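# Structural characterization, general
Single-letter residue listing:
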Amino acid sequence: MELHANTRQRFLAAAFLASVVAACGGGGASEPAPAPAPAPSPAPAPSPAPQAVNWGVFPAAIMVLGQREFHDNAPPEDTSPIGLNFPVGSSAVSSDGALFVADTGARSFKVFQNYLASGNGPEVAFSFSINDGDPRGVSNHGQRLAVLQQNTVAIYANALDLTTAEAEIGGADSGCDATHLNRPRSAFITSNGQVIVADTGNQRVLVWNSIAEAGAVGSDPVVIGQQDNETCDLRAASDKTLNEPTAVWSDGAKLIVADRNNNRLLIWNNIPVADFAAADHVIGQADPDQNQPNAGLPDPTASTLFGPFSIDVSETGQLAVVDRGNNRILVWNAIPTQGTQPADQVIGQPNLVSGAAWPTSDKTFDGPSGVRFDGRHMTVTDSSNNRVLVFRALD
């Protein structure tokens, strides 16, 4: 009886052991279970977004060009080696630090070499013209330089060599077609070679796909603000129309236009590829069909505009707008997407609700017409004070 019980216990123990071995995948020469796959490496952390540059409250310029002192504002004598006589539009800065300025009174473009190292009132290194008409603006795009005078836009492959233009758009006479312009005030060359021109007097913006096509006979640019290349009508404000556009900017995708007489900016999320395309955003007005200075309010606010004349976008993505009628530069820390989105900073006024014309100083403007970022510096063309002011961002 005792032997039978022991045998039964041994049998049950053997069965239990066999079941354990089977559950673990067998025994003996069986292959071991594969090791678990290693955990995936964590994704790299995204690059930090560029920090918005702080320009300070009612900042003072660090230098002045065109005048000897900050409180001076008279037009120059004919023999003045430093003077500017009603400069207009945004300046341009070449790779070697030369500053190019359109000088209306002299009917020429004046160049200041190594401008940041010169101190107040530097002498003009040289001047040039492309015709005998009024200079209207100048801009640089990489090594290239775009020069606007009378009804012509000339594009030079290198700002350091102005002997021969790479392309020329328009001509001596104004006109309304694919090859003529009427008082253009701004030109922009994108990183992929598109040429964009604010054809101010024709109430339109023209877009060519390449420098080779720009202004060429038989070219067919995309027209913004008009239905086709043969129409240059002044139309009521809408998300498709323009009234004397004076500035253009693009990163190769987004397009921003300063629509001066409609007191607003128009923004397209993508450069239009068809004529008369509607803008995606209207900045400075509550609705696309409104166009009153300061949105019809008696005084400016942080979100209103009065004759915006020039625009630029910095490397950190800040948008600067010359709000000419309010004697100020408005700065958005990022390109706005809402019509009444307020600016983040202001230069030229003590606050965002002032538009007064102050006495000439290192902090104030009188009818500014141009703005350009140059790294941590900003140049402002202060037209009625016959000068260019240079500001430096706070460290």
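The rules we used
- Residues numbered from 1 in each chain as written.
- Predicted model: local features only at pLDDT ≥ 70, side-chain atom pairs only at ≥ 80, totals over all residues.
- Heavy atoms only, no water.
- pLDDT = per-residue confidence, 0-100.
- Contact = heavy atoms within 4.5 Å.
- Pairing = 2+ DSSP bridges.
- Helix = DSSP H or I, 4+ residues; strand = E, 2+ residues; numbered from the N terminus.
- Axes fitted to C-alpha atoms, helices over the stretch in contact; angles between N-to-C directions.
- Salt bridge = Lys/Arg side-chain N within 4 Å of Asp/Glu carboxyl O.
- Buried < 20%, exposed > 50% of the residue type's maximum accessible area, 1.4 Å probe, protein only.
- Disulfide = S-S within 2.5 Å.
- Patch = residues over 30% accessible without salt bridge, like charges linked within 9 Å, V, L, I, M, F, W, Y side chains within 5 Å.
- Areas by Shrake-Rupley, 256 points an atom, 1.4 Å probe, with all protein chains shown as cover.
- Lys, Arg positive; Asp, Glu negative; His and termini not counted.
- Charge placed at Lys NZ, Arg CZ, Asp CG, Glu CD.

### Some remarks on the confidence of the model for the protein chain
When pLDDT is averaged across the protein chain, the result is 91; 87% of the residues are at 70 or more. Across residues 1–31 the pLDDT falls below 50, and counting only partners more than four positions away or on other chains, this stretch makes 3 contacts in the model.

### Brief notes about the sheet that holds strand β15 (residues 255–259)
Pairing within the open sheet is antiparallel, and its 4 strands lie in the order β14-β15-β16-β17. Unpaired on one side and paired on the other, β14 (245–250) and β17 (281–283) mark the two borders of the sheet. The mean angle between the axes of side-by-side strands here comes to 20°, regardless of whether they run parallel or antiparallel.

### Digging into the pattern of salt bridges
All chains considered together, the criterion is met by 10 salt bridges. Between K110 and D103 there is a salt bridge whose closest N-O contact spans 2.9 Å. With its nearest N and O atoms 2.7 Å apart, the salt bridge here joins D199 to R204. For the pair D199 and R204, one class covers both residues: buried. One continuous salt-bridge network, built from bridges that share partners, spans R183, E244 and R260.

### With respect to the sheet that holds strand β5 (residues 126–128)
Read from one edge to the other, the open sheet built from 4 strands follows the order β2-β3-β4-β5, with strand pairing classed as antiparallel. With one partner strand each, in any of the chains shown, β2 (87–93) and β5 form the two edges of the open sheet. Between one strand axis and the next, the sheet turns by 25° as a mean value, whatever way the strands run. With 3 bridges joining them, strand β4 (residues 108–112) and β5 adopt antiparallel strand pairing.

### Quick word on the state of the cysteines
Under the defined criterion, the tally for this structure stands at 1 disulfide. Disulfide pairing places C176 opposite C232 at an S-S distance of 2.0 Å. The chirality of the disulfide connecting C176 with C232 is right-handed, given an S-S dihedral of about 95°. Here the residue C176 occupies a position in the loop between β9 (167–170) and β10 (186–189), and C232 occupies one in the loop between β13 (222–224) and β14, the gap between them amounting to 56 residues. Given the relative accessible area of 19%, C232 is considered buried.

### Some details on a negative patch on the surface
There is a patch of like negative charges on the surface, built from D220, D228, E230 and D275. Looking at where D275 falls in the secondary structure, it is placed in the loop between β16 (264–268) and β17. A relative accessible area of 33% means that D275 is categorised as partly exposed.

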